[in-house]
Amino acid sequence: MGEYLEASVQSIDFAKKEVICTSALQDWDPSRSFSVKYDKLVISVGAHTQTFNIPGVREHAFFLKETRDAIKIRKRILGCFEEANLPSTTEERQRQLLHFCIVGGGPTGVEFSAELHDLIHDDLARYYPSLMPLVSISLYDVAPRILSMFDSVLAEYAANTFARQGIHVHTRSTVTKVEDGTLYLKESEPVKYGMLVWSTGLEMTPLIKSLKGVKKDEKAGRVMTDGYLRLLQPNQLEEPAKVVPDVYAIGDCAVIDGDELPSTAQVASQKGVWLRRHLNRLAKKGITSTPVKQEATSSSEIQTPETGEPKDTEKLAGRGFRYHNIMTLAYLGSWKAIAQGNHGHAIRGYVQRLL
């Protein structure tokens, strides 16, 4: 029978096979922390949004990681329109309130810009028709073009579609500082805004940063796993990495050693499905992470003939994880989207055609 605990994991003791937790229900009081033993542990804590330590971002920008972020964004959008609609609000203040800035030209930033465009022009326009000429949406990215993971033709189509919809795309733009209502750029004058949404990559959570004795990638600090999604221990270049027994990692906090996949929901979902099936297979076959000598009928069942090392028994449950790229899609607003499949196969146009 499953059990749910409303708590946050503060640390993990791999040797004792336990996690140390505190709860918001107890005001995060460390004196009331408790430990939970595990047989198998799956780490899937996700990641935070990377701010690059730019002053003011944490204090003044909105993020796109959790449900509460969406609630805050919705409240702020409506607040901007309500204040702009007041008779006492000057036109200068109206233009600032109705200028929505998005930093980050990846799929998340692009799709948010598109959805915001649809919300404003399909829904809010019915309630605030006089304010529509004052609305503007700006997308900023430090790269030479948006959607750099897509084919250049698709990325150009996305930029042109945004231009026709009145979404202003500013590439090669470096944010240096953020203040309440003002965005500072290295390449141009300060920009006044009503709402700023920040979507610029991933930063690891405090838990992942605190983990010791595990292998991490240098690029983003994610924990590294093998093809069976098992957590790896640090190793020398010439030596194969050993796994941390009975610990797995999936989602944005983890990456497969030697097979870096995009940090998308499609990848995380497939890893989750594969791991569920893998753990069920281990249980059904009675496979443990370490061979049990007394149950073996011969030394070949518990050792590899070449080295005499214990066999990797988990591999008896089947092959490792394999990612199947169904299609990468980015919505562009007004029912238009781009999609890219394997071998560079590209589609663009109305969503109905893509489906």
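This is a predicted model, so every value here is computed, not measured. (Residues numbered from 1 in each chain as written. Predicted model: local features only at pLDDT ≥ 70, side-chain atom pairs only at ≥ 80, totals over all residues. Heavy atoms only, no water.)

Chemist: Quick one: what's the story with the packing of aromatic side chains, residue by residue and with numbers?
Modeler: Tallied over the entire structure, the rule returns four aromatic pairs. Judged by centre distance (5.2 Å) and plane angle (35 degrees), the ring pair of F81 and Y128 falls under tilted. With F81 in helix α2 (residues 67-84) and Y128 in the loop between α4 (107-123) and β7 (136-140), the pair connects residues that are 47 residues apart, well separated along the chain. Relative accessible area serves as the criterion here: at 0%, F81 is assigned to the buried category. The class of Y128 is buried, set by a relative accessible area of 8%. (Phe/Tyr/Trp six-rings, centres within 6.5 Å; stacked < 30°, edge-to-face > 60°. Helix = DSSP H or I, 4+ residues; strand = E, 2+ residues; numbered from the N terminus. Buried < 20%, exposed > 50% of the residue type's maximum accessible area, 1.4 Å probe, protein only.)

Chemist: Provide a residue-level description of unusual backbone geometry, including the pertinent values.
Modeler: Its identity as a non-glycine residue notwithstanding, D27 has a phi of 60 degrees, on the positive side. By the secondary structure assignment, D27 is in the loop between β2 (18-22) and β3 (34-37). Of note, the phi angle at W335 is positive, near 65 degrees, even though the residue is not glycine. Here W335 shows up in the loop between β18 (328-333) and β19 (336-340). Residue W335 is classed as exposed on the basis of its relative accessible area of 55%.

Chemist: Could you give an account of the side chain of Q50, naming the residues involved and the relevant values?
Modeler: When you line up the elements, Q50 lands in the loop between β5 (48-49) and α1 (57-60). With sequence-adjacent residues up to four places away left out, Q50 is seen in contact with W198, T200, G201, L202 and E203. (Contact = heavy atoms within 4.5 Å.)

Chemist: Which residues make up the nonpolar core, and what values go with them?
Modeler: Ranked by internal contacts, the top residues of the largest apolar core, which has 39 residues, are F81, F100, I120 and I338. Those elements that provide at least two residues to this core are α2, β6 (99-103), α4, β7, α5 (152-165), β12 (195-198), β18 and β19. Of all hydrophobic cores here, the second largest spans 20 residues; its members include I12, A249, C253 and A254. (Core = buried A, V, L, I, M, F, W, Y, C linked by side-chain atoms within 4.5 Å.)

Chemist: Please provide a residue-by-residue account of helix α7 (residues 265-285), values included.
Modeler: Along its 21 residues, α7 runs 30 Å from first to last C-alpha, staying within 8% of the 30 Å computed at 1.5 Å per residue. Within α7 the residues assigned to the buried category are Q266, V267, Q270, K271, W274, L275, H278 and L282. Buried positions in α7, seen along its axis, are confined to an arc of 155 degrees and lie on one side of it. Facing away from the buried side of α7 by over 90 degrees, the exposed positions are A265, A283 and K284. Tucked into the core, α7 has its buried residues touching β4 (41-43), β16 (243-249) and β17 (254-256). (Expected span 1.5 Å × (residues − 1). Arc of directions from axis to C-beta.)

Chemist: If you had to explain the sheet that holds β18 to someone new, which residues and values would you point to?
Modeler: Read from one edge of the open sheet, three strands run β18-β19-β20, paired in antiparallel fashion. What marks the edges here is a single partner per strand, and that holds for β18 and β20 (346-350). Adjacent strand axes in the sheet meet at a mean angle of 15 degrees when their direction is disregarded. Strands in contact with α5 are β18, β19 and β20; relative to β19, the strand with the most contacts, it is inclined by about 170 degrees. (Pairing = 2+ DSSP bridges. Axes fitted to C-alpha atoms, helices over the stretch in contact; angles between N-to-C directions.)

Chemist: Which residues make up empty space enclosed by the protein, and what are the values?
Modeler: Any empty space left between the atoms is revealed when a probe the size of a water molecule rolls over them. Summed over the entire model, instances satisfying the criterion amount to one cavity of 30 Å³ or more. In this structure, the largest cavity occupies an estimated 90 Å³ of space. Lining the largest cavity are 14 residues, with G251, A254, P262, V267 and K271 sitting closest to its centre. Breaking the lining of the largest cavity down by element, the ones donating at least two residues are β17 and α7. (1 Å grid on protein atoms, 1.4 Å probe; cavity = no way out; pocket = protein on both sides within 12 Å on 5 of 7 lines; lining within 4 Å. Points joined across faces, edges and corners; volume = space filled by probe spheres on them.)

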